[in-house]
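# Notes for the structure review
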Amino acid sequence: MLGKWPQNELPNLTDQNCTITSPVSNRYNCIAWASADNIKWWWPDLLNQYYWPPDVPRKVTLPVFVSVYEKQGYAVCYSESLEPGLEKIAIFGHKAQDGTVTPTHAALQLESGEWTSKLGPLEDITHKKLEDVNGPTYGKPVCFMSRPRSKTNGRRLNSICA
């Protein structure tokens, strides 16, 4: 395996279905990466150690994560399918028996239809299918969101990686 991620945590990720697009960095995470931010780690921790958008509760719930992306112009949609002119994200999570979802990861769909993910404090990758990052760590996609794609919101910020 070409990356530093543990194979047992991301069992579907292989050399054939992903490409590393930037080096290891603990500066930012997947939630930030899907928001085109590679400077801050985004997480709603109660101790305020990490960045979290103002006026959004610091709770690890699906409605809160949806709210974060709605503030960036996304709206809930029902498919991860590529649609010309739309930028999509997928929020991953683990679903409890009572139906509540704990968000764990976010991935961004590229104009090619492939996806890009930041693997915690590890590398950024491009992966062919959304399911390539399913597994015990991230669970599976639980929500899809989209917004109109533009030149400014479709950018990737690889130049600041540590």
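Look above for the structure.
Quantities reported herein were computed from a predicted structural model and do not represent experimental measurements.

## Some details on the overall build of the protein chain
Along its length, the protein chain carries 2 helices and 7 strands. On C-alpha atoms alone, the protein chain measures out to a radius of gyration of 15 Å, which is about the 15 Å that the 2.2 N^0.38 rule sets for 162 residues. Summarising its shape, the C-alpha atoms of the protein chain cover approximately 40 × 35 × 35 Å along the three principal directions. Counting only residues that meet the buried cut, the protein chain has 47% of its 162 residues in that class. Contacts in the protein chain between residues far apart in sequence, at least 24 positions, make up 59% of those at least 6 positions apart. Total accessible area on the protein chain is roughly 8100 Å²; 54% of this is exposed by carbon and sulfur atoms.

## A word on helix H2 (residues 62-70)
Taken together, the buried positions of H2 are Leu62, Val64, Phe65, Val66, Val68 and Tyr69. Along its buried surface, H2 packs onto helix H1 (30-33), strand E2 (75-77), strand E3 (86-95), strand E4 (101-109) and strand E7 (140-148).

## Things to note about the sheet that holds E3
By definition, the strands of a sheet pair up through backbone hydrogen bonds, in either a parallel or an antiparallel sense. Pairing is antiparallel in the open sheet, where 7 strands are placed in the order E1-E6-E5-E4-E3-E7-E2. In the strand order of this sheet, the two ends are held by strand E1 (18-22) and E2, each with one partner. Direction aside, the axes of adjacent strands within the sheet are offset by 35° on average. The pairing of strand E5 (residues 115-118) with strand E6 (residues 124-127) spans 4 bridges and is classified as antiparallel. Paired with Trp115 across the two strands is His127, which belongs to E6. Where H2 meets the sheet, its contacts fall on E2, E3, E4 and E7, and the angle it forms with E7 comes to roughly 20°.

Calculation criteria
Residues numbered from 1 in each chain as written. Predicted model: local features only at pLDDT ≥ 70, side-chain atom pairs only at ≥ 80, totals over all residues. Heavy atoms only, no water. Helix = DSSP H or I, 4+ residues; strand = E, 2+ residues; numbered from the N terminus. Rg over C-alpha atoms; globule rule 2.2 N^0.38 Å. Buried < 20%, exposed > 50% of the residue type's maximum accessible area, 1.4 Å probe, protein only. Contact = heavy atoms within 4.5 Å. Areas by Shrake-Rupley, 256 points an atom, 1.4 Å probe, with all protein chains shown as cover. Pairing = 2+ DSSP bridges. Axes fitted to C-alpha atoms, helices over the stretch in contact; angles between N-to-C directions.

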